Amino acid sequence: MSPKTVDIDATPEWAAVREHADRLRDTHLRDLFASDADRADAMTVEAAGLVADYSKHRVDDPALSALFALARAADVEGHRDAMFRGEKINTTENRAVLHVALRAPRDAEIVVDGENVVAQVHEVLDRMAAFSDRVRSGEWVGSTGKRIRTVVNIGIGGSDLGPRMAYEALKPYADPQITCRFVSNVDGDDLASNVEGLDPAETLFIVASKTFTTLETMTNARAARDWLTSNLDGADVAKHFVAVSTNLGEVEKFGIDPANTFGFWDWVGGRYSFDSAIGLSLMVAIGPSRFRELLDGMHEVDEHFRTAPLESNLPAIMGLLGLWYREFFNAQSHAVLPYAHYLSRFTDYLQQLDMESNGKRVRRDGTPVDYQTGPIVWGTPGTNGQHAYYQLIHQGTTLIPADFLAFLHPAHELGNQHDLLIANVLAQAEALAFGKTAEQVAAEGVAPELVPHRTFPGNHPSTTLVVEKLTPRTLGALVALYEHKVFVQGAIWQINSFDQWGVELGKALAQRIVPELSSDDELTHDSSTNALIRRYRAARRG
Ligand code: F6P
């Protein structure tokens, strides 16, 4: 049953949060720190090996209490419990939302439509493990008897970003004998450049698509099959193609052996799916036991989210702080800045997770929101961003709350490079929060006309997440943390975080335009689109 939609912005709790925001609007983090020596300790919370220091946020205890009260007014806990129970909280698609079942232990029980889905999850995990072991050991061979050296995942969106991000993140744990590549874009240059130089006899394609109808993926899958059969005499497609999908009928039509198909379920959203069979390429790379560790890290955060009181609940705290700035401080965007080179794809992954989930303008009951919903999520690994866009965060005119991610131990110890990396992440959070006053700048002897240019206003909020080391377990914990943060925000905003109708219109229009590009049919779009199509037609016909 769908939870009742609450006029959340008409509640006294919303009004109270606004009052606190107004009260604190001109308060500087310098003053908040000066008035409370224990602030950092009091505002640090730890869960599943993730330590979050949220003291550099423009909040105090009364403001935080008001935020927790707002979460209760929105019944975040009731909504969360409904998700864990397997209720169909994705109301526009009449589906349960059970990515938490993907990492539940073998003996857990979650029933959907009379079936214990945890048993189904483990059945697929076991098949994935057996398959991965065969590929990793060299027992699985291609048409000519050679072992597999390259796995190419063909998928897009949730069927690409998760495994791609995690493969990059966990490269130090991957089998060096097998390389994974990821093809997503319908731009033929993606597939062409990724198969360049590959030996088809040693290549295995994983076609990953929840629906198995996605234009990009099916186009690339067919092109990959053509590449295989035209470059390998007598190629046996079954030995070079496996599939991951909920649509087993379409997989069979494509010609992939049902025995080599790994299923999942409609209660797994695409952007919540990389810990399902969609993570098969990752499991081949890192092995089943490390994949299990990743699931365990996720489960640990699930349990924390499910059981911890809101006041010490890390996803709840991060979700509420995000909402605080988005609505009450007019922050348009949220930066996620991992100081870990291997997390190069983490923010790309979060963009889909957050923006496809909470980029919504109507509430669950279809009425429009009259408050801000999901932010623009962006960022790249430090320290690179420092030499590119941090200028704007420090001295620009827009408020950008940030999450800094820092790891105490690197994968590779190179001299004192890790000290340099960590010094930078700590320095950035400090500089953003406290800035540098005009008086401080002047006292350094800076020429008066340069003082305004060299002043840092500070008061830029951030969370610093500290993690022992980037491992399968901690990566899993981080992903689950962000999943649940997004959940908390969606619950308060009264939106359905689990559909994505906003991607449909562009898809439908593209289908209409495809035949028009190669025909002389009269065009009936707007004058701009018509002119652009004519220009393309002219260029392609020489
Ligand atoms: O972009 C829309 C979307 O449906 C995403 O939600 C999904 O992750 C992606 O397309 C790919 O879908 P599929 O796995 O069905 O190919």
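For the structure, check the block above.
Residues numbered from 1 in each chain as written. Predicted model: local features only at pLDDT ≥ 70, side-chain atom pairs only at ≥ 80, totals over all residues. Heavy atoms only, no water.

### Structural notes on the overall build of the chain
The following threshold applies: Per the convention used, a helix needs a DSSP run of H or I reaching at least four residues, while a strand needs a run of E reaching at least two, with both numbered from the N terminus. Here the globule rule is a power law, 2.2 Å times the number of residues to the power 0.38, and the radius of gyration is based on C-alpha atoms. Relative accessibility under 20% of the residue-type maximum defines a buried residue, over 50% an exposed one, and the middle range a partly exposed one, all with a 1.4 Å probe and only protein chains included. Note on definitions: a residue-residue contact is assigned when non-hydrogen atoms from the two residues lie within 4.5 Å. For every accessible area listed, the method is Shrake-Rupley and the probe measures 1.4 Å; residues are considered covered only by the protein chains on display. Only four residue types enter the tally: Lys and Arg on the positive side, Asp and Glu on the negative side; His and the chain ends are excluded. Working definition for charges: the position is that of NZ of Lys, CZ of Arg, CG of Asp or CD of Glu.
The helix and strand tally for the chain stands at 20 helices and 13 strands. Rg of the C-alpha trace for the chain: 25 Å, near the compact-globule value of 24 Å for 542 residues, within the 12% margin. The C-alpha extent of the chain, read off along each of the three principal axes, is 75 × 60 × 60 Å. Taken over 542 residues, the chain has a buried fraction of 54%. In the chain, the share of contacts with a sequence separation of at least 24, taken over all contacts with a separation of at least 6, comes to 74%. Carbon and sulfur atoms make up 51% of the accessible area of the chain, which totals about 22900 Å². Averaged over its 51 positive side-chain charges, the chain has a centre that lies 4 Å from the centre of its 73 negative ones.

### Overview of the sheet that holds strand S7 (residues 203-208)
Condition: DSSP bridges decide pairing: two strands pair if at least two such bridges lie between them. To get an axis, a line is fitted to the C-alpha atoms, and for a helix only the part in contact is used. The angle between two axes follows their N-to-C directions and goes from 0 to 180 degrees.
The strand order across the open sheet built from 5 strands is S6-S5-S7-S8-S9, with neighbouring strands paired in parallel fashion. Each of the sheet's edge strands pairs with one partner strand only, and the pair in question is strand S6 (179-183) and strand S9 (261-263). The sheet shows a mean angle of 20 degrees between the axes of neighbouring strands, taken without regard to direction. Examined bridge by bridge, S7 and strand S8 (residues 241-245) share 4 bridges and lie parallel to one another. Pairing of Ile206 across the sheet is with Val242, part of S8. Contacts from helix H6 (residues 117-137) reach S7, S8 and S9, with the element oriented near 150 degrees to S9.

### A closer look at the packing of aromatic side chains
Where we set the bar: Pairing of aromatic rings covers Phe, Tyr and Trp, the last counted by its six-membered ring, and requires centre-to-centre distances within 6.5 Å; plane angles under 30 degrees mean stacked, over 60 mean edge-to-face, and any other angle means tilted. In this scheme, the term charge over a ring applies when either NZ of a lysine or CZ of an arginine sits within 6 Å of the ring centre and within 35 degrees of the ring normal.
One pass over the full model with this rule turns up 23 aromatic pairs. With 5.5 Å between their ring centres and 50 degrees between their planes, Tyr272 and Phe498 make a pair best called tilted. Residue Tyr272 is found in the loop between S9 and helix H11 (280-286), and its partner Phe498 is found in the loop between helix H18 (472-493) and helix H19 (504-517); the two are separated by 226 residues along the sequence. An angle of 75 degrees between the planes, with centres 5.8 Å apart, marks the rings of Phe346 and Tyr482 as edge-to-face. In this pair, Phe346 is assigned in helix H14 (residues 346-358) and Tyr482 in helix H18, connecting sequence segments 136 residues apart. Across the pair, Tyr482 and Phe346 agree in class, each one buried. Here the aromatic cluster, defined as three or more aromatic residues joined through ring pairs, consists of Trp14, Trp324, Tyr325, Phe328, Phe329 and Tyr371. Its end group placed over the ring of Phe329, Arg25 keeps NZ or CZ at 4.9 Å from the ring centre. The ring centre of Phe33 lies 5.2 Å from the NZ or CZ of Arg39, which sits over that ring.

### Thoughts on the environment of Leu481
One can find Leu481 in helix H18. Residue Leu481 is classed as buried on the basis of its relative accessible area of 1%. In sequence terms Leu481 and Ala316 are 165 residues apart; their C-alpha atoms lie 9.3 Å from each other.

### Quick notes on the nonpolar core
This is how the line gets drawn: The nonpolar core is taken to be a set of buried Ala, Val, Leu, Ile, Met, Phe, Trp, Tyr and Cys residues, with the residues joined through side-chain atoms within 4.5 Å.
Within the largest apolar cluster, 131 residues are counted, with the highest numbers of intra-cluster contacts made by Trp267, Trp324, Phe346, Leu475 and Ile492. Ranked by residue count, the leading element in this core is H18, at 13 residues. Within the second largest apolar cluster, 23 residues are counted, among which are Ala201, Phe212, Ala221 and Ala224.

### What to know about the pattern of salt bridges
Selection criterion: A side-chain nitrogen of Lys or Arg and a carboxyl oxygen of Asp or Glu constitute a salt bridge if their distance falls within 4 Å.
In the structure shown here, the tally under the stated rule is 31 salt bridges. Here Asp22 and Arg25 are joined by a salt bridge, their closest N and O atoms 2.6 Å apart. Exposure remark for Arg25: the relative accessible area of 30% places this residue in the partly exposed category. Residue Asp113 is joined to Lys88 by a salt bridge in which the shortest nitrogen-to-oxygen separation is 3.0 Å.

### A closer look at the sheet that holds strand S10 (residues 333-339)
Strand order in the open sheet formed by 6 strands is S1-S2-S13-S12-S10-S11, and the pairing between neighbours is mixed. Looking at which strands have only one partner, the edges of the open sheet turn out to be strand S1 (44-47) and strand S11 (376-378). Within the sheet, the average angular offset between the axes of one strand and its neighbour, ignoring direction, is 20 degrees. Pairing between S10 and S11: 3 bridges, direction parallel.

### Thoughts on the site of the ligand
Our working rule: To be near a molecule or strand, a residue needs just one of its heavy atoms within 4 Å of it. Any pair of N or O atoms that falls within 3.5 Å is considered a polar contact. Within protein, one atom must be able to donate a hydrogen and the other to accept it, and sequence-neighbouring residues count only if both atoms are side-chain atoms. Here a cavity denotes grid points, spaced 1 Å and computed from the protein atoms alone, that fit a 1.4 Å probe unable to get out, and a pocket denotes an open set having protein on both sides within 12 Å along at least 5 of 7 lines; residues with an atom within 4 Å of a point are the lining. Think of it this way: if more than half of a molecule's atoms are within 2 Å of a pocket's grid points, that molecule is in the pocket or cavity. Here the nonpolar group is Ala, Val, Leu, Ile, Met, Phe, Trp, Tyr, Cys and Pro; Asp, Glu, Lys and Arg are the charged ones; every other residue, Gly included, is treated as polar.
Surveying the vicinity of the ligand reveals 13 residues, the closest of which are Ser159, Ser209, Lys210, Thr211 and Thr214. At 2.6 Å from an oxygen atom of the ligand is found a side-chain nitrogen or oxygen belonging to Ser159. One nitrogen or oxygen atom from the side chain of Gln352 is found 3.1 Å from an oxygen atom belonging to the ligand. Calculation on the ligand without its partners gives an accessible area of 400 Å², and the protein chains cover 87% of this total. Under a 2 Å grid-point criterion requiring more than half of the atoms, the pocket assigned to the ligand is the largest pocket. Counted by class, the shell around the ligand contains 2 nonpolar, 9 polar and 2 charged residues.

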